[in-house]
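Spelled out, the chains give:
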Amino acid sequence: MRLGKRLRVAVADRQEARRALDRRARALLLENTRRRELAGRRGRFSVPSAGHYPFQWFWDSCFHAIVWSRSDWRRAADELDALFAWQRPDGFIPHVVFWDQRRISLWKWWHYMESVGTPRHKPRTTEQMQPPVLALAVERVAEAGGGAEYVRRVLPQLEAYHEHLAAERDPDGDGLISVLSQFETGLDFSPVWQAGGERALKGPLVFARLRRPQVPARLHRYDLERVFRGDLHQESVLVNAIYGKALRALARLARLLDETELAARAAERAARVTEALLAKCADPRDGLFHDLVGREERRTSVKTISALMPLILEDLPREAADRLVASLTDARRFWPAYPVPSVALDEPTFSRDSRLWGIRLIWRGPLSMSTNWLLAQGLAEHGYADEARTIGNRSRELVARHGFNEFYDPLDGSPVGEPSFGWATLAADMP
Ligand code: GLC
């Protein structure tokens, strides 16, 4: 075959492979779709995985909506509507909606710990937040076909959600929002919290340490003012990087509707997030960003996926982005055969599995398509096209070989955690 023809065949093969991936992604989200009714509300959404995660999760649904918007923006809008349906008058949107209350059990006692429910009055939702990806998903739905009409319908709720974050989640007024337990960061058992002057924990102690902040929160019935008076809270780099990126999306959506005052407010908040991350979280030695623990804002030091996340901020200065990319592409840290591990390879706490000492402890090494998607997007936006494509190619290879999984082993790519996992479909949306 002549070179020109061979190239054309290769391009056609690649396009067909990508279309096939889109079809598989859609089929999985469809298989995981549930229609439910609870307390007079209706929802159509995809569960993260039928076995282990039978409810609706906040940031999972935002990711599902992003993938849905590739083929069916109305279905994507439904996914987000099922979250908006549970927005409280103060703007809060919970991290889990227990649409199917029969699946709540005493064995899963954390359902009660993360909510104010009791076995007699089962919770409908948790009282916790999750990384605020919502505005990114709304923007995608609008671009995919929802247009200005869709934005007009959901903007008041999106604005209220962001007002709640700004008003209730920033007790020290520095522009960064706080989480009250690591489960709010979406990185459940990541060792990120272990560095606040603590020695490395092992076994069930990890579990106990990470659940501990939920005890006072539960006792205070998740009254944020009282919770933040204590010391058990944290300014997470991952949550704030997503917050900053979402605020930029909110500003664009507001501009689309000529809501200039909201657009200006959101853009100003976004700029403050980037400034505060640079001033408080960046480690001058290697340019990685670390979470701040407690009222004294003690900076942690364990290198996790969180440390790289400011790459998704479009206004991150070039020099800071270059330093992050140097760490990201360092084969001893974040660039094994299958990037990007959730904990750097050279950390003593790095593990290839999500079961440790017989307990399920996720986010301690295996890679996730959610963070790969975010980082690939950040890289592409900052002009690191090759690195972005490498993450995209390896991610698609993993899905082709092992299906849509919750996590993958970054060294040999083997599947880790739950199979048929919703947000792994993000591989279809990568560069
Ligand atoms: C785990 C993850 C969290 C995710 C949830 C549902 O708790 O840590 O990020 O949202 O599962 O998939």
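Residues numbered from 1 in each chain as written. Predicted model: local features only at pLDDT ≥ 70, side-chain atom pairs only at ≥ 80, totals over all residues. Heavy atoms only, no water.

## Here's the deal with the site of the ligand
Argument step 1. Residues in contact with the ligand, as listed here, are Pro-48, Tyr-53, Trp-57, Trp-59, Asp-60, Gln-130, Gly-186, Asp-188, Ile-362, Trp-363, Phe-421 and Trp-423.
Argument step 2. Within the contact set of the ligand, an oxygen atom lies 2.9 Å away from a side-chain nitrogen or oxygen of Gln-130.
Argument step 3. Considered on its own, the ligand offers 300 Å² of accessible surface; in the complex 95% of this is hidden by protein.
Argument step 4. Among the cavities detected, the one that contains the ligand is the largest pocket.
Argument step 5. Within the shell around the ligand, the residues separate by chemical class into 8 nonpolar, 2 polar and 2 charged.
Argument step 6. Summarising the domain contributions, the shell around the ligand has at least three residues from each of domain 1 (3–335) and domain 2 (336–431). (Near = heavy atom within 4 Å. Polar contact = N/O pair within 3.5 Å; in protein donor to acceptor, adjacent residues only side chain to side chain. Areas by Shrake-Rupley, 256 points an atom, 1.4 Å probe, with all protein chains shown as cover. 1 Å grid on protein atoms, 1.4 Å probe; cavity = no way out; pocket = protein on both sides within 12 Å on 5 of 7 lines; lining within 4 Å. Sits in = over half its atoms within 2 Å of the grid points. Nonpolar A, V, L, I, M, F, W, Y, C, P; charged D, E, K, R; others polar. Domains from an automatic or database assignment.)

## Considering empty space enclosed by the protein
Argument step 1. If you walk through the whole model with that rule in mind, you get 1 cavity of 30 Å³ or more.
Argument step 2. Lining the largest cavity we find Asp-22, Ala-25, Arg-26, Leu-29, Val-67, Trp-68, Arg-70 and Ser-71.
Argument step 3. Here the element with the most residues in the lining of the largest cavity is helix H1 (residues 3–31); it accounts for 4 residues. (Points joined across faces, edges and corners; volume = space filled by probe spheres on them. Helix = DSSP H or I, 4+ residues; strand = E, 2+ residues; numbered from the N terminus.)

## Overview of the packing of helix H5 (residues 134–168) against helix H9 (residues 237–256)
Argument step 1. Relative orientation of the contacting elements H5 and H9 amounts to 115 degrees, with a least axis distance of 9 Å. The handedness of the crossing between H5 and H9 is left-handed. Of the residues in H9, those in contact with Ala-135, Leu-136, Val-138, Glu-139, Ala-148, Val-151, Leu-155, Leu-158, His-162, Leu-165 and Ala-166 of H5 are Tyr-243, Lys-245, Ala-246, Leu-247, Ala-249, Leu-250, Arg-252, Leu-253, Ala-254 and Leu-256.
Argument step 2. Across the contact of H5 with H9, the residue classes tally to 17 nonpolar, 1 polar and 3 charged. (Axes fitted to C-alpha atoms, helices over the stretch in contact; angles between N-to-C directions. Left-handed = near helix turned anticlockwise from the far one by under 90°. Contact = heavy atoms within 4.5 Å.)

Everything listed here is a matter of geometry and, on its own, says nothing about what the molecule does.
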